[in-house]
Amino acid sequence: MIRHLKTPPDPNRGDARTVVITVRHVGETPARSAVADAAVAARAQQPWPEGLLSWSLFAGTDGRALMAYEQWSGDGALDAALAAAPPFVPGIPGTEPSAPVRFRLERSRTSAPRVSGTGCVVTPVFDVDGPERQRHFLDELFAMTEDVPPMRGAIAAHFHLSADGTRVFNYAEWSDEQAHVEALAAEDPRGVRQRVGGEIPGVRPCGYRRWSLHTSLVTAGHNDAR
């Protein structure tokens, strides 16, 4: 049995070893809302493959995109689902399918307790030149921010590495969208944003989006209260 939740997934869920992230551009807000509702209904009605732990759908705060964040028990479970008859199609039902991009959670940093919950997820994405650059980028970033005071509204940042070595995906939890807007406008005396924004060789920022949760689907036995 599948449960519908209105709380975001926990990226640090201990039994999740593979993550599939899919972003789709779906037009203006009315169209996006219709696609989101239909996608949730379709996903809930389809057979739930063994090893799919959670499927969460986010709506872009700009009204133009949807993001599916899937947690799997591992690559073997995902491979079995893709090879099943009929095969499970990761991503967002009703939108154009594509080959799933696999990630793993590499590191997290918590800035503040989730007193009032995560109201906004921000996803900066970086294009990188291979696995060595993925690890180097995280080493640099964590070293630069080790003793930097947390920004107001920042809750946690969860850095995912793509299995093919080409991307770093940051699933950053914020209290609300305005807190992130204000953080970007604040002073950056140590030049962290400038350094991360294009000064690390082999790492290229690809922008970010802000998201609000539409719906999370999880297996019935999982308690996702946070």
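Residues numbered from 1 in each chain as written. Predicted model: local features only at pLDDT ≥ 70, side-chain atom pairs only at ≥ 80, totals over all residues. Heavy atoms only, no water.

Along the backbone of the chain there are 5 helices and 11 strands. At 17 Å, the chain has a C-alpha radius of gyration in line with the 17 Å of a compact globule built from 226 residues. Once the C-alpha set of the chain is aligned to its principal axes, its extents read approximately 55 × 35 × 35 Å. Per-residue burial for the chain yields a buried fraction of 45% across its 226 residues. If you take every contact in the chain between residues at least 6 apart in sequence, the share linking residues at least 24 apart comes to 79%. Carbon and sulfur atoms form 54% of the exposed surface of the chain, whose accessible area is close to 10,900 Å². Treating the 24 positive side-chain charges of the chain as one cloud and the 27 negative ones as another, the clouds have centres 2 Å apart. (Helix = DSSP H or I, 4+ residues; strand = E, 2+ residues; numbered from the N terminus. Rg over C-alpha atoms; globule rule 2.2 N^0.38 Å. Buried < 20%, exposed > 50% of the residue type's maximum accessible area, 1.4 Å probe, protein only. Contact = heavy atoms within 4.5 Å. Areas by Shrake-Rupley, 256 points an atom, 1.4 Å probe, with all protein chains shown as cover. Lys, Arg positive; Asp, Glu negative; His and termini not counted. Charge placed at Lys NZ, Arg CZ, Asp CG, Glu CD.)

Further remarks concern unusual backbone geometry. Across the junction of Ala 85 and Pro 86, the peptide omega takes the value -5 degrees, indicating a cis bond. Among the structural elements, Pro 86 can be located in the loop between α2 (75–83) and β5 (102–110).

Take the nonpolar core next. In terms of nonpolar packing, the biggest core is built from 19 residues, with Trp 55, Leu 57, Leu 66, Trp 72 and Ile 92 touching the most fellow members. Those elements giving two or more residues to this core turn out to be α1 (29–45), β3 (52–60), β4 (65–72) and α2. Broken down by element, this core gets its largest block of residues, 4 residues, from β3. Phe 137, Leu 138, Leu 141 and Ile 200 belong to the second largest nonpolar core, which has 14 residues in total. (Core = buried A, V, L, I, M, F, W, Y, C linked by side-chain atoms within 4.5 Å.)

Before going further, it helps to examine the pairing of strand β2 (residues 18–25). Among the 8 residues in β2, 6 count as buried, and that is most of the element. Note that β2 and β4 share 8 bridges and pair antiparallel. In the sheet register, Val 19 faces β4, and the bridge partner there is Gln 71. Here 2 bridges tie β2 to β5, and the two strands are oriented antiparallel to one another. Following the sheet pairing, Val 20 is matched in β5 by Arg 102. (Pairing = 2+ DSSP bridges.)

Let us look at the pattern of salt bridges. For the structure on display, the rule yields 12 salt bridges. Notably, a salt bridge pairs Glu 132 with Arg 133, separated by 2.7 Å at the nearest N-O pair. When its relative accessible area of 43% is taken as the criterion, Glu 132 is described as partly exposed. Take Arg 133: its relative accessible area is 16%, and that puts it in the buried class. Across the pair Glu 140 and Arg 195 runs a salt bridge, and its minimum N-O distance is 2.8 Å. One end of the pair, Glu 140, is in helix α3 (residues 131–144); the other, Arg 195, is in helix α5 (residues 192–196), and 55 residues separate them in sequence. (Salt bridge = Lys/Arg side-chain N within 4 Å of Asp/Glu carboxyl O.)

Turning our eyes to something else, we now look at the confidence of the model for the chain. Looking at the chain as a whole, its pLDDT mean stands at 92, while 95% of the residues score no less than 70. When pLDDT is averaged over each helix and strand of the chain, the minimum, 83, is found for α5 and the maximum, 98, for strand β6 (residues 120–122). (pLDDT = per-residue confidence, 0-100.)

What follows covers the environment of Gln 71. With respect to the element layout, Gln 71 can be found in strand β4. The buried category is assigned to Gln 71, whose relative accessible area is 1%. Separated by 35 residues in sequence, Gln 71 and Glu 106 have C-alpha atoms that sit 14 Å apart. When residues no more than four places from it in sequence are discounted, the contact partners of Gln 71 are Pro 9, Asp 10, Pro 11, Arg 13, Ala 16, Thr 18, Gly 51, Leu 52, Leu 53 and Ser 54. Here Asp 10 takes part through its backbone oxygen, which lies 2.9 Å from a polar atom of the side chain of Gln 71. (Polar contact = N/O pair within 3.5 Å; in protein donor to acceptor, adjacent residues only side chain to side chain.)

Let's shift gears to the packing of aromatic side chains. This structure, assessed with the given rule, holds 6 aromatic pairs. Note on Phe 58 and Tyr 171: the rings are 6.1 Å apart at their centroids and 80 degrees apart in plane angle, and the pair reads as edge-to-face. With a gap of 113 residues between them, Phe 58 in strand β3 and Tyr 171 in strand β9 (residues 167–174) connect regions that are remote in the sequence. In this structure an aromatic cluster arises from ring pairing among Phe 58, Tyr 69 and Tyr 171. Here Arg 107 stacks its cationic end above the ring of Phe 142, 5.1 Å away from the centre of that ring. (Phe/Tyr/Trp six-rings, centres within 6.5 Å; stacked < 30°, edge-to-face > 60°. Lys NZ or Arg CZ within 6 Å of the ring centre and 35° of its normal.)

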